[in-house]
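What the coordinates show
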Amino acid sequence: VPGRARVIVYDGAQVAADQVPVSVMDLTDPVWQGQVAIAPTNASFQSFVTALRVSKGEDGAKAWLEAFKANEPKAYDNNILVLDAVDSGQVAMGLVNHYYWYERVAEKGADAVNAKIHFLDSDDPGALINVAGAGILAGSSQSEAATKAIDFLLSSEGQQYFADETAEYPVVAGVTSTKHDLVPLDQLD
């Protein structure tokens, strides 16, 4: 039950920080043709497309998707492979969840990771915070055990695990990561 911010990861050797698009809408610019990596079958990308549909309408979302496709994005099976492609310089940028980058930096050290991270502003459909939810099926014969599991996931201890071990955003007030220098969730637009 943590939060996951959608971000642009970029190769600082190919793209200066001030050149990173300020909006996912800018990823259709021909300058980025063949230089953006995505994981189109990943649920987080599909959530982004839903946010795009909600914010831009069906016609607006379709127009962006068609223009983006025409710009020849590079498809990968998952967000880790997208990050790998950016980090190795195969592509200039990619769309991923923030925690993949934080986990990579924790594993290898900031100096050994070429990829950089860019959070988008709130008026952008790419600035999505996905929440990994939990629920109990109405017909469950294990509802008491399920309630205990969810209560643990939402406890300070459970949320601290997500913040420290998976670099995800805690959704319970007062919990912050002691291992990752996460941009505070309340500072993200």
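All of these numbers come straight from a predicted model, not from anything done at the bench. (Residues numbered from 1 in each chain as written. Predicted model: local features only at pLDDT ≥ 70, side-chain atom pairs only at ≥ 80, totals over all residues. Heavy atoms only, no water.)

1. A closer look at the overall build of the chain
Which entries qualify depends on this criterion: Counting from the N terminus, the helices are DSSP H or I runs at least four residues long and the strands are E runs at least two residues long. Each radius of gyration is computed over the set of C-alpha atoms, and the globule rule expresses the reference value as 2.2 Å times the number of residues to the power 0.38. Any pair of residues with heavy atoms lying within 4.5 Å of one another is described as a contacting pair. What sets the accessible areas is the Shrake-Rupley method with a 1.4 Å probe; for residues, cover comes only from the shown protein chains.
Helix and strand counts for the chain come out as 5 helices and 6 strands. Here the C-alpha radius of gyration of the chain, 18 Å, is about what a compact globule of 189 residues would show, namely 16 Å. Each of the three principal axes of the chain carries a C-alpha extent, and together these read 55 × 40 × 30 Å. Long-range contacts, defined here as pairs at least 24 residues apart, represent 68% of the contacts in the chain between residues at least 6 apart. Surface summary for the chain: the accessible area is close to 9900 Å², and the carbon and sulfur share equals 51%.

2. Overview of helix H2 (residues 79–87)
An α-helix turns once per 3.6 residues; consequently, residues spaced three or four apart project the same way. Here is the rule we go by: Type-normalised accessible area, obtained with a 1.4 Å probe on protein chains alone, sets the label of each residue: buried when under 20%, exposed when over 50%, and partly exposed for intermediate values. In protein, a polar contact means a hydrogen-donor-capable atom and an acceptor-capable atom, both N or O and within 3.5 Å, with residues adjacent in sequence counting only if both atoms are side-chain atoms; elsewhere, any N or O pair within 3.5 Å suffices.
Within the sequence span of H2, burial applies to Asn79, Val82, Leu83, Ala85, Val86 and Asp87. Near the N-terminus of H2, the side chain that reaches the backbone nitrogen of Ile80, with its oxygen 3.1 Å away, is that of Asn78. Among the residues trailing H2, Gly89 stands out with phi positive, at a value near 85 degrees.

3. Some words on unusual backbone geometry
Located in the positive-phi region is Glu72, a residue other than glycine, with phi close to 55 degrees. On the secondary structure map, Glu72 appears in the loop between helix H1 (43–70) and strand S3 (74–75). Even without being a glycine, Ala167 presents a positive backbone phi close to 60 degrees. Structurally, the position occupied by Ala167 is in the segment after helix H5 (156–165). The class for Ala167 is buried, based on a relative accessible area of 0%.

4. Re the side chain of Arg6
Our working definition: In summary, the charge assignment counts Lys and Arg as positive and Asp and Glu as negative, without counting His or the chain termini. Any carboxyl oxygen of Asp or Glu within 4 Å of a side-chain nitrogen of Lys or Arg constitutes a salt bridge here.
With respect to the helices and strands, the residue Arg6 is situated in strand S1 (residues 3–11). Among buried Asp, Glu, Lys and Arg side chains, Arg6 stands out as unpaired, with Asp124 the closest opposite charge at 9.7 Å. A polar atom in the side chain of Arg6 sits 3.2 Å from the side chain of Asn97. Apart from residues lying up to four places away in sequence, Arg6 is in contact with Ser44, Phe45, Phe48, Asn79, Leu95, Val96, Asn97, Gly126, Leu128 and Asn130.

5. Focus on the pattern of salt bridges
Throughout the structure, instances matching the rule amount to 5 salt bridges. Ionic pairing is found between Glu144 and Lys148, a salt bridge with its closest N-O pair at 3.9 Å. Highlighted residues: Glu144 and Lys148, both in helix H4 (residues 143–153), separated by 4 residues, approximately one helical turn. Both residues of the pair, Glu144 and Lys148, count as exposed.

6. Some points on the packing of aromatic side chains
Here is the rule: Note on aromatic pairs: the rings of Phe, Tyr and Trp (six-membered ring only in Trp) are paired at centre separations within 6.5 Å, and the planes decide the class, stacked below 30 degrees, edge-to-face beyond 60, tilted for the rest.
Per the counting criterion, the structure on display carries 6 aromatic pairs. Measuring from ring centre to ring centre gives 5.5 Å for Phe48 and Trp64, while their planes differ by 85 degrees; the resulting arrangement is edge-to-face. Like Phe48, the residue Trp64 is buried in the burial classification. When the ring of Tyr99 is compared with that of Tyr100, the centres are 4.4 Å apart and the planes differ by 25 degrees; the resulting orientation is stacked. The same class applies to Tyr99 as to Tyr100, namely buried. Grouping aromatic residues by their ring pairs yields a cluster made of Phe45, Phe48, Trp64 and Phe68.

7. Thoughts on the environment of Gln90
By secondary structure assignment, the location of Gln90 is in the loop between H2 and strand S4 (93–97). A relative accessible area of 52% places Gln90 in the exposed class. The sequence separation of Gln90 and Glu72 amounts to 18 residues, and the corresponding C-alpha distance is 14 Å. Filtering out sequence-adjacent residues up to four positions away, Gln90 remains in contact with Tyr76 and Ala85. A polar atom in the side chain of Gln90 sits 3.5 Å from the side chain of Tyr76.

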